[in-house]
Amino acid sequence: MSRIEYSAEIAELLGRVRRRPTAGWPWRPGEQVPAGLPVKQSWGWLFAPDGRVLTLVNPKDGVVSLPGGSLEPEDAGDPGSALAREAAEEAQALIGMPYYLGYLYDRVGSANGGHECARVRMAAALRAVGPSAPDPASGRHYRRLLVAPGLAVELLGWGAPGLRQARAAVATAVRRLGVPSAADETIEELPAAGCELFPGAAPGAAAGTAPGESPTA
């Protein structure tokens with residue numbers, strides 16, 4: 001196994017990582033959300049060309065997350081639009097077309113006022129990031145790290161269900177985005193000034209979804 005490389009600054013940041021307790025939501029890979037089950041959140045595995053994914057670290061509490069969040073009225077019920085908006089707000093990220101992976105079934109409805117709901121997972125290309133800035137909705141100023149998908153699962157603390165989810169995301173990214181199945185294992189913080197990742201990124205590339213894309217884990 002190759003040695004995972006990262007800077008001393010990233011080592012100091014990772015030393016403060018705090019994993020949230022797993023919620024135990026069942027992962028439904030490749031299944032469409034049933035009619036009548038509201039979709040309340042959309043989160044994304046956003047891939048760089050070398051197969052790494054974007055993870056966000058809140059330096060104040062050490063919590064790691066993928067980009068994403070709750071659907072808002074302006075998203076018109078579209079999980080892909082919600083993911084594109086949240087990625088821009090949280091990570092100043094421009095993404096490509098999101099591909100549907102499946103959903104998590106939240107039976108206790110912690111995101112829906114105590115009523116059951118779905119939390120969608122998608123995969124997309126990470127086209128570019130702009131200058132680092134606080135999330136306008138929460139005020140959180142995330143550190144933006146590229147890590148291999150397996151390491152992302154470890155940092156998130158998602159265990160075996162998270163690994164199955166990551167495999168579904170990688171399978172889609174390999175087929176749809178042309179990324180390698182074995183990602184670069186270097187941990188890298190994206191420049192605070194922003195950068196382009198997939199060549200030829202253009203404004204508006206984040207629009208659109210592909211809800212029919214349904215790989216299995």
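Quick look at the structure, then. This is a predicted model, so every value here is computed, not measured.

Moving on: the overall build of the protein chain. Looking only at helices and strands, the protein chain features four helices and 11 strands. Counting every position in the protein chain, which comprises 217 residues, the buried fraction comes to 47%. In the protein chain, of all internal contacts separated by at least 6 residues, the share reaching a separation of at least 24 is 77%. Looking at the protein chain as shown, the accessible area adds up to about 9800 Å², and 54% of this sits on carbon and sulfur atoms.

Relative to the helices and strands, Asp-106 resides in strand S7 (residues 99-106). A distance of 3.1 Å separates a polar atom in the side chain of Asp-106 from a polar atom in the side chain of Ser-110. A polar atom in the side chain of Asp-106 sits 2.9 Å from the side chain of Arg-119. Excluding its chain neighbours within four sequence positions, the residues that come into contact with Asp-106 are Trp-25, Ala-111, Glu-116, Cys-117 and Arg-119.

For the rest of this paragraph, the subject is the pairing of strand S8 (residues 117-129). With 12 of 13 residues buried, S8 is to be regarded as a mostly interior element. Summarising the sheet, strand S2 (residues 39-47) and S8 pair through eight bridges and their orientation is parallel. Its bridge partner being in S8, Leu-46 is matched across the sheet by Ala-124. As paired elements, strand S6 (residues 93-95) and S8 share three bridges and run antiparallel to each other. Bridging across to S8, Ala-93 finds its partner in Val-129.

Before going further, it helps to examine the layout of surface pockets. One number sums up the size of the largest pocket: a volume of about 900 Å³. Along the walls of the largest pocket sit 36 residues, with Arg-20, Trp-25, Gln-41, Trp-43 and Arg-119 positioned nearest its centre. A total of four residues in the lining of the largest pocket trace back to one element, the largest contributor, which is helix H2 (residues 79-91). Of the pockets and cavities examined, the second largest pocket occupies roughly 180 Å³. Along the walls of the second largest pocket sit Ala-148, Pro-149, Gly-150, Leu-163, Ala-166, Arg-167, Val-170, Ser-181, Ala-182, Ala-183 and Glu-185, which together make up its complete lining. Listing elements by their share of the lining of the second largest pocket, those giving two or more residues are helix H3 (149-156) and helix H4 (159-177). It is H4 that provides the largest number of residues to the lining of the second largest pocket, a total of four residues.

Turning next to the packing of aromatic side chains. The final tally for this structure, using the stated rule, is one aromatic pair. Centroid distance Trp-45 to Trp-158: 6.2 Å. Interplanar angle 80°. Geometry classified as edge-to-face. Placement of the pair is Trp-45 in strand S2 and Trp-158 in the loop between H3 and H4, with a sequence separation of 113 residues. The class of Trp-45 is buried, set by a relative accessible area of 0%.

Thresholds applied
- Residues numbered from 1 in each chain as written.
- Predicted model: local features only at pLDDT ≥ 70, side-chain atom pairs only at ≥ 80, totals over all residues.
- Heavy atoms only, no water.
- Helix = DSSP H or I, 4+ residues; strand = E, 2+ residues; numbered from the N terminus.
- Buried < 20%, exposed > 50% of the residue type's maximum accessible area, 1.4 Å probe, protein only.
- Contact = heavy atoms within 4.5 Å.
- Areas by Shrake-Rupley, 256 points an atom, 1.4 Å probe, with all protein chains shown as cover.
- Polar contact = N/O pair within 3.5 Å; in protein donor to acceptor, adjacent residues only side chain to side chain.
- Pairing = 2+ DSSP bridges.
- 1 Å grid on protein atoms, 1.4 Å probe; cavity = no way out; pocket = protein on both sides within 12 Å on 5 of 7 lines; lining within 4 Å.
- Points joined across faces, edges and corners; volume = space filled by probe spheres on them.
- Phe/Tyr/Trp six-rings, centres within 6.5 Å; stacked < 30°, edge-to-face > 60°.

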